[in-house]
Amino acid sequence: MTAEDIGRCVRAQRKAQGATQAEFAALCGVGVRFISELENGKSTMALGKVLQVLKCLGLELSLRPRGWNQAPATSPGRPE
């Protein structure tokens, strides 16, 4: 998941609820600029505010371990 993925999800959910960025920002207690930057995938957003916005939308962020790809021992730059 990337910042852009989160932004697309936030935008889609906001629009599905029929809210403008200004209406939604007021509801969540953040600025319109914050909502705009979040929806556009800015990668340096304040995590606490992002979580606040997700909660306002009725969304939750889920974390889980992911598998790491194992490169073959003979790949370039990898010690044997």
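Just so it is clear, the structure is predicted and the values come from calculations on it, not from any experiment.

Caption draft 1: Focus on a nonpolar patch on the surface. The grouping of Met 1, Leu 47, Leu 51, Leu 61 and Leu 63 at the surface amounts to a nonpolar patch, some 600 Å² of accessible area in total. The topology assignment puts Leu 51 in helix H4 (residues 47–57).

Caption draft 2: Quick peek at the pattern of salt bridges. Summed over the entire model, instances satisfying the criterion amount to five salt bridges. For Asp 5, the salt bridge identified is with Arg 8, shortest N-O distance 2.5 Å. Taken as a pair, Asp 5 and Arg 8 lie in helix H1 (residues 3–16) at a separation of three residues, close to a single helical turn. Note that Arg 33 and Glu 37 form a salt bridge whose closest N and O atoms lie 3.0 Å from each other. Placement of both Arg 33 and Glu 37 in helix H3 (residues 32–39) is noted, with a separation of four residues, approximately one turn of the helix. Using a relative accessible area of 64% as the deciding quantity, one classes Arg 33 as exposed. Connected through shared salt-bridge partners, Arg 11, Arg 14 and Glu 39 make up one network.

Caption draft 3: Quick look at the packing of H3 against H4. The interhelical angle for the contact between H3 and H4, taken along N-to-C directions, is 90 degrees, at an axis separation of 11 Å. Our classification of the angle between H3 and H4 gives roughly perpendicular. Where H3 approaches H4, its residues Phe 34, Ile 35 and Leu 38 are matched on the opposing element by Lys 49, Val 50 and Val 53. Here the residues of the contact of H3 with H4 sort into five nonpolar, no polar and one charged.

Caption draft 4: Quick look at H1. Compared with an ideal rise of 1.5 Å per residue, which puts 14 residues at 20 Å, H1 spans 20 Å between its outermost C-alpha atoms and is within 8% of the ideal. Burial in H1 covers these residues: Ile 6, Gly 7, Val 10 and Arg 14. For H1, the angular spread of the buried residues around the axis is 100 degrees, confining them to a single face. Residues of H1 that are exposed and angled more than 90 degrees away from the buried face: Lys 15 and Ala 16. Buried residues in H1 make contact with helix H2 (21–28), H3 and H4.

Calculation rules
Residues numbered from 1 in each chain as written. Predicted model: local features only at pLDDT ≥ 70, side-chain atom pairs only at ≥ 80, totals over all residues. Heavy atoms only, no water. Patch = residues over 30% accessible without salt bridge, like charges linked within 9 Å, V, L, I, M, F, W, Y side chains within 5 Å. Areas by Shrake-Rupley, 256 points an atom, 1.4 Å probe, with all protein chains shown as cover. Salt bridge = Lys/Arg side-chain N within 4 Å of Asp/Glu carboxyl O. Helix = DSSP H or I, 4+ residues; strand = E, 2+ residues; numbered from the N terminus. Buried < 20%, exposed > 50% of the residue type's maximum accessible area, 1.4 Å probe, protein only. Axes fitted to C-alpha atoms, helices over the stretch in contact; angles between N-to-C directions. Parallel < 35°, antiparallel > 145°, perpendicular 65-115°, else oblique. Contact = heavy atoms within 4.5 Å. Nonpolar A, V, L, I, M, F, W, Y, C, P; charged D, E, K, R; others polar. Expected span 1.5 Å × (residues − 1). Arc of directions from axis to C-beta.

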